[in-house]
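What follows is each chain in one-letter form.
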Amino acid sequence: MAEQNEPSLAEVMQRLYDQEISCGVSSFWDGGWAAWIGTDWENRQAGAMGFRDLKDGGAEIARWLLDAAAKLQTEWTRRAS
């Protein structure tokens with residue numbers, strides 16, 4: 001499960017959605033879970049695969065999404081200026 005001070009996977013995804021940032025989580029029966037953020041058509045994206053399970057309530061994926069959003073936000077801001 002997520003640490004008490006960490007937002008849940010659902011909270012992270014809602015926060016990104018509220019900021020108009022696309023993201024998602026997909027399962028692959030033989031490869032675990034994958035997460036993605038951003039869109040191809042906006043040329044802003046990142047993805048990661050290999051999350052083995054959701055036994056932690058998706059906390060590992062939530063942390064990855066937050067980290068990826070921070071890195072991409074820096075890149076998006078740099079491109080816009």
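Residues numbered from 1 in each chain as written. Predicted model: local features only at pLDDT ≥ 70, side-chain atom pairs only at ≥ 80, totals over all residues. Heavy atoms only, no water.

**A few points about the pairing of strand β2 (residues 32-39)**
Point 1. Most of β2 sits inside the fold, with 6 of its 8 residues counted as buried.
Point 2. Here strand β1 (residues 23-28) runs beside β2; their pairing, made up of 6 bridges, is antiparallel. Its bridge partner lying in β2, S26 is registered against A34. (Buried < 20%, exposed > 50% of the residue type's maximum accessible area, 1.4 Å probe, protein only. Helix = DSSP H or I, 4+ residues; strand = E, 2+ residues; numbered from the N terminus. Pairing = 2+ DSSP bridges.)

**Side note on the pattern of salt bridges**
Point 1. In this structure the tally under the stated criterion is 2 salt bridges.
Point 2. Between R63 and E6 there is a salt bridge whose closest N-O contact spans 3.1 Å. With R63 in helix α2 (residues 59-80) and E6 in the segment before α1 (9-18), this residue pair connects regions lying 57 residues apart in the sequence.
Point 3. Accessibility expressed as a relative area gives 39% for R63, which makes it partly exposed.
Point 4. Taking the relative accessible area as the measure of exposure, E6 reaches 24% and is therefore partly exposed.
Point 5. Across the salt bridge formed by K71 and D67, the nearest N and O atoms sit 3.1 Å from each other. Linking K71 with D67, this pair stays in helix α2, spanning 4 residues, or about one helical turn.
Point 6. When its relative accessible area of 55% is taken as the criterion, K71 is described as exposed.
Point 7. By relative accessible area, which is 38% here, D67 ends up partly exposed. (Salt bridge = Lys/Arg side-chain N within 4 Å of Asp/Glu carboxyl O.)

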